[in-house]
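Residue-level listing of the chains:
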Amino acid sequence: MSLIKKDFIFNDIKKLKGIGQQLSKYLKKRKIEKIKDILLNLPYSETDRSEVFNINKIEIGKVQTVKVLVKKLVFPRLRNLPNKIICQDETGEIDIVYFNSREGYLRKLFPVNKWVIISGKISFFKNKFQITNPDYATSLENQDYVTQNIKKYKLTKGINEKKYRSISEQVIKDLPEIDDWLDKNFIQKNHLLGWNDCINRLHKTSDGKDHNSNSFRRLVFDEICANFLTLSKNRKRIRIKKTKKYFEKKLSNEILNKLPFKLTSSQKKVLEEINNDLRNDKRMFRIIQGDVGSGKTIVSLLSAANVIENKYQCAFMGPTEILATQHYNLAKKIFNSKLKIEFLSGKTEGKKRKEIIDNLNNGKIDILFGTHALFQKKINFKKLGYVIIDEQHKFGVKQRSDLAKKGGSNCDVLLMSATPIPRTMMMSLYGDMDISKITEKPKNRKKIITLSKPEKKINELWPYIKKQINLKNQIFWVCPLIEESNFLDYSSAKKKFDLINKKFPKHVGLIHGGLDKSKKDAVLKNFLSKKISVLVSTTVIEVGIDFPNANLIIIENANKFGLAQLHQLRGRVGRGDKQGVCILLFKDGLSKNAVKRIKILKDSDDGFFIAEEDLKLRGFGDLTGFQQSGIKNFRFANPIYHNDLFELAEKYFYEIQHNINDEKYNFLLKFFDKAEIININND
Ligand code: ADP
Ligand code: MG
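Residues numbered from 1 in each chain as written. Chains lettered and ligands numbered in written order. Predicted model: local features only at pLDDT ≥ 70, side-chain atom pairs only at ≥ 80, totals over all residues. Heavy atoms only, no water.

## Some thoughts on the sheet that holds strand S17 (residues 449–454)
With parallel pairing, the six strands of this open sheet are ordered in space as S17-S22-S21-S18-S20-S19. Strands at the two margins of the open sheet, each flanked by one partner only, are S17 and strand S19 (508–511). Strand after strand, the sheet turns through a mean of 20° between neighbouring axes, direction not considered. Sheet contacts for helix H19 (residues 517–528): strand S18 (474–478), S19 and strand S20 (534–537); angle to S19, the most-contacted strand, approximately 140°. (Pairing = 2+ DSSP bridges. Helix = DSSP H or I, 4+ residues; strand = E, 2+ residues; numbered from the N terminus. Axes fitted to C-alpha atoms, helices over the stretch in contact; angles between N-to-C directions. Contact = heavy atoms within 4.5 Å.)

In C-alpha cells:
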C-alpha cells in the first residue's frame, strides 16, 4: 500500500488534471517533470490579503485589504488627471485612484453608499491614504476571492500563475499520507517535522522562505541525507574487488633519487597510503587534498611509476589543456625516455590521433596525458590500471561515477584537489572517497607577500615592474575578462595587454581561454623560456600551472574573486626560490568587509584556513571551487545556516551505514533526483 502511495508523487505531471502537452513543456523548463517536483517548488513569497484592515490600521507601502463604504466618485474629465473614488470606514477616509479607466466600468464597480472590498498597495498623497489602481475591488459577496494568502512560485514564461497555483494547491490537497522514512522518535528528538506535515507547511505557510523554520529544516535534513546516501552507494559500487598490483618501487625509487629535492614527510605519508591501496585487493578511490604548491603532482607520478612497473597503463587527466601539457612535460622529464608517454586532447587529430588510439590498444603507450578527451568512447586502453585526475573540483559525483565505470574493475582512481573544503562539507563532497592530506609545504617555500592598491594608483606600479623586468623576473597580470564588456565594469585582458605592451614592447604576452591551443602553447613557451616577462591573462592560469621563475602576480578587480580563488591565483608565484609578491588592485575605496578579507589573505598562507574565513565573511555561494565541486547538488541545504544539520546527518549516517540498501531510502534518492546517478533502478 505504502508503495503505491509513494509512487503517486513520482508520476509524470501529465497525469494531473489540467496539465497538457503545452503546459508540461513549459514546466519542464523549470525542471518540473514529476509530481514531486511540484512539492519541491516552494513558494518564494506571498501576498497576504487575508486580513481586512480598518483605515486607521493600514500601513503605507504594504499590500493590504480594506472594507470601505463608497461615498463619492470624481471624474475630472481632464487629460492626465485620474478618476477618484472617495471611500471611508468608521476610522477614516481613503481615495481609490484610477488612471485610464472608463467611467461606466467604475460606476458599476463602485455603487455609491455600498460597501466594497479593496486590496492593493497603500500610499499616502496630499495628506490622505490612497490606493492607486488596486489589484482587487469587489463587492462583499465576492470577498472570499480577494481575502486570501496568495503564494508566489518561480515559474517561466508561458505558465499562468493562477493556474499553476491551483495545480500546486490540488497536489498538496490530494497528497496521500506517506510513510515517513524517518522514525517518529528521531523526528521529535531533533525538532524536525513529519514528512507530510513538512510539505504541507512549506506550501501553506511562509515556512518555505524561512531557512530556519522546522519544516524547511526537515527538508534540508532529507536533502543532506539523500546526498550522503548517494555517495555511500557510489563508494560501494566503486570499491569492488580487483587484482592486487605488484611492484618493488624500482622505477619510482630511481626517479626519487634524481629529484632535485627530498619529499616532505607529508608527501611520503600520502605516497605510502596510495601504494598500500594499489597493492590492496579493493579498488582505490582516493583523493589527495593539498594546498597549492604542496607538491601533489610528483606524488601522483611516483605512484604511477609503480603501476607501470606492474605492466599496467595509466591515464592522467588535467582540467585544462595548459595544465595537462605541463604535467606531460614534467613526466617526460622525470621518466626520462624510459616510458612511452603521449598527450591527447580534443585537438589531437588525424594521423597523430589514430597512432595514439592504436598504441593504447596494443599497449605500447604506458601513460597518456590529456584533457576530458581521454574519456571519449573511442579511446580504449589495452590494460588500464590507474586513472589520475588533477584538480578534480571540476567534476561532480555523476562524473566520478561515470569515470569509475570507464576504468574497469582493475583500475585504481586517484583524484587531486587544492580546493580547500570546510569541515562541514567534507562528507558531502568526498563521502565516497578515501582522503589523503598533504599538510605541509616544501621547506624552501617563502610566504608570499600580499599587498593591495587602488587601481587609480596603477601608475606607481610601472617603475616597479620595469625593475622586475630588468632583473629577469617574471610577472603574471590577471584580469577578470577577456574583452571589454558593456555590462561589467571589469578590466579586460586584451585591453590591459595593449597598455602594458606599449610600455614594455616585446616583453608582454597575452593568454586567455579564447585562444586556440597552438597560440596558447606558443605564448606559454615564450613565457617558460623567459622570452617574455609579463603574461597578461584571465584566470586560465588559476589551476596548477608551474612557473618557477614567476615571482610577481598582479590581480585586477580583486574584489570580484573569492578569497580561496585569490589564494589559488597567488599560489602561481613564489614557487622557485625567489620571494613571491602578490598585488591586489581594487576599483574604488574598499568596504569594511573587503579590508577584512585582504587582511586574512595577507596574514595567512593556509588555503584551508582562508576558505573557512571566507565562508564566514562572504557566505558559501561565493566560494569558487565549491560551486563546481558538486555543491550544486544542494538546492535547499546551505552550510552557513544548516551546519548542525550536516553534523546530525553525518551522525545518522554513521548509524545506518550497514542498511543503506533498505527500500525506504530509495524514496529519498528518487525525491531528490539522485536515483539516476547511482542507477538504483538498473542495479
Ligand atoms: P600542487 O600541489 O599545487 O599541484 P605541484 O605538484 O605543482 O604543486 O608542485 C609545485 C612545485 O613544487 C613544483 O615545482 C614541484 O617540483 C615542487 N616540489 C614538489 N615537491 C617538492 C619538495 N618536496 N621540495 C621542493 N619542491 C617540491
Ligand atoms: Mg597541481
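Now that the structure is up, let's keep going.
## Concerning helix H17 (residues 461–470)
All of the buried residues in H17 are Leu461, Trp462, Ile465, Gln468 and Ile469. What you see down the axis of H17 is that its buried residues fit within an arc of 120°, all on one side. Along H17, exposed side chains directed more than 90 degrees from the buried face belong to Pro463 and Asn470. Tucked into the core, H17 has its buried residues touching S17, S18, helix H18 (493–503), S20, strand S21 (550–555) and strand S22 (581–586). (Buried < 20%, exposed > 50% of the residue type's maximum accessible area, 1.4 Å probe, protein only. Arc of directions from axis to C-beta.)

## Some points on the sheet that holds strand S16 (residues 434–438)
Across the sheet, which stays open at both edges, the seven strands sit in the order S12-S13-S11-S14-S15-S10-S16 with parallel pairing between neighbours. Among the strands making up the open sheet, the edge pair consists of strand S12 (341–344) and S16. Looking at each pair of strands side by side, their axes are set apart by 20° on average, direction ignored. Pairing of strand S14 (residues 384–389) with strand S15 (residues 412–417) involves four bridges; the strand directions are parallel. Of the residues in S15, the one forming a bridge with Ile388 is Leu414. Together, strand S10 (285–290), S14, S15 and S16 form the strand contacts of helix H11 (residues 265–279), whose direction differs from that of S16 by roughly 155°.

## Thoughts on the packing of helix H16 (residues 423–430) against helix H23 (residues 643–656)
How two helices pack is summed up by the angle between their axes together with the distance between the axes. Between H16 and H23, whose axes approach to 9 Å, the crossing angle comes to 50°. For the element pair H16 / H23, the angle class is oblique. Considering only the axes of H16 and H23, their crossing is left-handed. Across from Arg423, Thr424, Met425, Met427 and Ser428 in H16, the residues of H23 making contact are Asn643, Phe646, Glu647, Glu650 and Phe653. (Parallel < 35°, antiparallel > 145°, perpendicular 65-115°, else oblique. Left-handed = near helix turned anticlockwise from the far one by under 90°.)

## Quick word on the packing of aromatic side chains
Per the stated rule, a full pass over the model turns up 23 aromatic pairs. For the pair Phe124 and Phe129, a centre-to-centre distance of 5.2 Å together with 70° between the ring planes defines the contact as edge-to-face. Arranged with centres 5.3 Å apart and planes meeting at 50°, the rings of Phe476 and Phe527 form a pair that is tilted. With Phe476 in strand S18 and Phe527 in helix H19, this residue pair connects regions lying 51 residues apart in the sequence. Note on accessibility: Phe476 and Phe527 belong to one class, buried. Every member of this aromatic cluster is reached through a ring pair, and the members are Phe10, Trp195, Phe667, Phe671 and Phe672. The aromatic ring of Tyr312 is capped on one face by Lys245, whose charged end is 4.7 Å from the ring centroid. Taking the ring centre of Tyr312 as reference, the NZ or CZ of Lys383 above it sits at 4.3 Å. (Phe/Tyr/Trp six-rings, centres within 6.5 Å; stacked < 30°, edge-to-face > 60°. Lys NZ or Arg CZ within 6 Å of the ring centre and 35° of its normal.)

## Describing the pattern of salt bridges
In this structure the tally under the stated criterion is 34 salt bridges. Note that Asp673 is salt-bridged to Lys36, the shortest N-O span being 3.0 Å. Here the residue Asp673 occupies a position in the segment after helix H24 (663–671), and Lys36 occupies one in helix H3 (residues 35–40), the gap between them amounting to 637 residues. In this structure, Lys152 engages Glu161 in a salt bridge whose closest nitrogen and oxygen atoms are separated by 3.4 Å. When its relative accessible area of 28% is taken as the criterion, Lys152 is described as partly exposed. Using a relative accessible area of 32% as the deciding quantity, one classes Glu161 as partly exposed. (Salt bridge = Lys/Arg side-chain N within 4 Å of Asp/Glu carboxyl O.)

## Notes on the domain arrangement of the chain
Size of an interface: often given as the accessible area lost when the parts come together. Domain boundaries assigned for the chain yield domain 1 (46–152), domain 2 (250–438) and domain 3 (449–604). On a C-alpha basis, the centroid separation for the pair domain 2 and domain 3 is 29 Å. Contacts between domain 2 and domain 3 engage 17 residues on the former and 13 residues on the latter. In total, domain 2 and domain 3 occlude about 1300 Å² of area from one another, counting both sides; carbon and sulfur atoms represent 63% of this. Ranking the residues of domain 2 by area buried against domain 3 places Val292, Ile322 and Gln326 at the top, with a combined share of 44%. In this assembly, domain 2 and domain 3 are joined by zero salt bridges. Per-element accounting of the side of domain 2 that touches domain 3 gives the leading share, five residues, to helix H13 (residues 321–335). (Domains from an automatic or database assignment. Buried area = accessible area lost by both parts, 1.4 Å probe.)

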